[in-house]
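Per-entry structural report
Here's the letter readout for the chains.
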Amino acid sequence: MAMNDQRVAIVTGANKGLGLAIAENFVKEGKKTVFVIRNKENLEQTKNLFQEEVMLEQVMFIQLDVSDLNGIKKAVNQVLNEWGRIDILVNNAGIRFETPIEEINEEEWDQVLDVNLKSTFFFSQAVIPVMKERKWGRIINMSSFGGQAGPLTSGAHYSASKAGQIALSKTFARSLAAYGITVNTVAPASVRTPEMDKMDPEKVAQMIETIPLKRAGEPKEVADLVSYLASDSGGFTTGATFDINGGRLMR
Ligand SMILES: NC(=O)c1ccc[n+]([C@@H]2O[C@H](COP(=O)([O-])OP(=O)(O)OC[C@H]3O[C@@H](n4cnc5c(N)ncnc54)[C@H](O)[C@@H]3O)[C@@H](O)[C@H]2O)c1
């Protein structure tokens, strides 16, 4: 990929796990990359990873809770004021709880749906006008195996939010295709992130036994798929869901 690719990409939840790997790939590819990070401390830590002078011109850090709709509008305006364009959006930020059905209350339901699904809709809505103007755009929504197959451990609210993202991708994909904007879903399972490292190693080993490829995925493997979807080569692919789960779900 060209090092002088001046495209501007926004990645939400870019301080760790998949979001960080995706944003790091974009920076390496020469894209101007906006790291959307919920809290200040995580933002500062992530900033410290990008201190080389050549990189500093290429990165922007915005503190934002993605469930704050005014905040989304402000963030989009800030990027447009500073860099004048937005070409790629990765709706990656997400939260997951394992609460059983009987114990999910309205507050937790709303929290999960707001962070995972509402933000996906409104962030996408906010970047569409500028993508339409340029007749080029890429939106990639980070869903989950849980939204496709019914979760093994995650709660019903998580699963519903992730299924909702798949439906949103298809709806946006149809309505934006005429403008050169593609919208796709990535549905991972069992990819190693800091969360997995905190789990009981015995539980992780048991989970890996159920994966045909007998290992956890690596964040870079997901990031490389996202890079493809965000590239010119991904231009004939829209409304699709990409499984990246070691063979756990074959359909
Ligand atoms: N790792 C996996 O195997 C896996 C499997 C299925 C789906 N996913 C999905 O991939 C995405 C990334 O997952 P991960 O494994 O890297 O998880 P993670 O928990 O390591 O990262 C999630 C990121 O989202 C951010 N975030 C959470 N709430 C936010 C908010 N309100 N505003 C802004 N940022 C917020 C977190 O700070 C974090 O940076 C999530 O949407 C998750 O549901 C991951």
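Since this is a predicted model, take the numbers as computed values, not measurements. (Residues numbered from 1 in each chain as written. Predicted model: local features only at pLDDT ≥ 70, side-chain atom pairs only at ≥ 80, totals over all residues. Heavy atoms only, no water.)

Some words on the overall build of the chain
For clarity, the cut-off: Every helix listed is a DSSP run of H or I at least four residues long, and every strand listed is a run of E at least two residues long, numbered separately from the N terminus. Here the globule rule reads 2.2 Å times residues to the power 0.38, and the radius of gyration is calculated from C-alpha atoms. Note on exposure labels: buried denotes an accessible area under 20% of the residue type's maximum, exposed denotes more than 50%, and partly exposed covers the range between, all computed with a 1.4 Å probe on protein chains only. Only heavy atoms enter the contact rule, under which two residues are in contact if any of them lie within 4.5 Å. Charge counting treats Lys and Arg as positive and Asp and Glu as negative, with His and both chain ends excluded. A single reference atom marks each charge: NZ on Lys, CZ on Arg, CG on Asp, CD on Glu.
Across its full length, the chain carries ten helices and seven strands. Taken over the C-alpha trace, the chain has a radius of gyration of 17 Å; the compact-globule value for 251 residues is 18 Å, and the two agree within 12%. Its C-alpha atoms put the chain at 45 × 40 × 35 Å along the principal axes. Relative to its 251 residues, the chain shows a buried fraction of 52%. Taking contacts inside the chain between residues at least 6 apart in sequence as the whole, the part at least 24 apart equals 74%. Side-chain charges in the chain split into 28 positive and 31 negative, and the spacing between the mean points of these groups amounts to 7 Å.

A word on the layout of surface pockets
Selection criterion: Lining residues are defined by having an atom within 4 Å of a point belonging to a cavity or pocket. Those points lie on a 1 Å grid over the protein atoms alone, cavities being sets where a 1.4 Å probe fits but cannot get out and pockets being open sets with protein on both sides within 12 Å along at least five of seven lines. Grid points are joined across faces, edges and corners, and a volume is the space filled by probe spheres set on the points. Each residue is assigned to one class: nonpolar for Ala, Val, Leu, Ile, Met, Phe, Trp, Tyr, Cys and Pro, charged for Asp, Glu, Lys and Arg, and polar for all the others, Gly among them.
In this structure, the largest pocket spans a volume of roughly 1,600 Å³. Along its surface, the largest pocket is lined by 48 residues, and G94, R96, Y158, T193 and E195 are the ones closest to its centre. The set of elements that each furnish at least two residues to the lining of the largest pocket consists of α1 (17–28), β2 (32–37), α5 (106–134), α7 (156–176), α8 (194–197) and α9 (201–209). Broken down by class, the residue content of the lining of the largest pocket amounts to 20 nonpolar, 18 polar and ten charged.

Some points on the packing of α1 against helix α10 (residues 219–230)
The following threshold applies: To obtain each axis, a line is fitted to C-alpha atoms, and for helices this fit is confined to the stretch in contact; angles are then taken between N-to-C directions over 0 to 180 degrees. Oblique is the label for every angle not falling under 35 degrees (roughly parallel), over 145 degrees (roughly antiparallel), or within 65 to 115 degrees (roughly perpendicular). It is the rotation of the near helix from the far one that decides the hand of a crossing: anticlockwise by less than a right angle makes it left-handed, clockwise makes it right-handed.
Direction vectors running N to C along α1 and α10 enclose 50°, while the axes themselves pass 8 Å from each other. Classified by the angle between their axes, α1 and α10 sit oblique to one another. The interaxial crossing formed by α1 with α10 has right-handed handedness. Contacts between α1 and α10 involve G17, L18, A21, I22, N25 and F26 from the first element and P219, K220, V222, A223, D224, V226, S227 and A230 from the second.

A closer look at the site of the ligand
We apply this condition: One heavy atom within 4 Å of a molecule or strand makes the whole residue count as near it. Think of a polar contact as two N or O atoms within 3.5 Å of one another; within protein, one of them needs to be a possible hydrogen donor and the other a possible acceptor, and neighboring residues in sequence only count if both atoms come from side chains. Each molecule is assigned to a cavity or pocket provided more than half of its atoms lie within 2 Å of the corresponding grid points.
Taken together, 25 residues surround the ligand, and among them N15, L18, N92, Y158 and V191 come closest. In this structure, N92 approaches the ligand through a main-chain N or O atom, which is 2.8 Å from an oxygen atom. When atom positions are compared with the pocket grids, the ligand is found to occupy the largest pocket. Put simply, the parts of the chain that give the shell around the ligand at least two residues each are α1 and α7.

Re the packing of helix α4 (residues 69–83) against α5
Where α4 contacts α5, the axes come no closer than 10 Å and their chain directions differ by 30°. It follows from the interaxial angle that α4 and α5 lie roughly parallel. Regarding α4 and α5, the two cross each other, and that crossing is right-handed. Between α4, through L69, I72, V76 and L80, and α5, the contact on the second element is made entirely by K118, S119, F122, F123, A126, V127 and V130.

Considering the sheet that holds strand β4 (residues 88–91)
We count it as follows: If DSSP finds at least two bridges between two strands, the strands pair.
Taken in spatial order, the seven strands make up an open sheet running β3-β2-β1-β4-β5-β6-β7, and their pairing is parallel. What marks the edges here is a single partner per strand, and that holds for β3 (59–63) and β7 (241–244). When strand polarity is set aside, the average angle formed by the axes of neighbouring strands in this sheet is 15°. Of the pairings in the sheet, the one linking strand β5 (residues 137–142) to strand β6 (residues 181–188) comprises six bridges and is parallel in character. Considered in β6, the bridge of N141 is made with T185. Where α1 meets the sheet, it contacts β1 (8–12), β2, β3, β4, β5 and β6, and its direction lies at approximately 160° from that of β2. In the packing of helix α2 (residues 40–47) onto the sheet, the strands contacted are β2 and β3, and the crossing angle to β3 comes to about 170°.

Structural notes on the environment of F50
The topology assignment puts F50 in the loop between α2 and α3 (53–56). For F50, a relative accessible area of 4% gives the class buried. Between the C-alpha atom of F50 and that of S144, which follows or precedes it by 94 residues, the distance is 29 Å. With residues up to four places along the chain from it excluded, the contact list for F50 reads E24, V27, F35, M55, L56, V59 and F61.

With respect to the side chain of E29
Considering the arrangement of structural elements, one finds E29 in the loop between α1 and β2. One polar contact links E29 to S227, side chain to side chain, over a distance of 2.5 Å.

On their own, these measurements won't tell you what the molecule is for.
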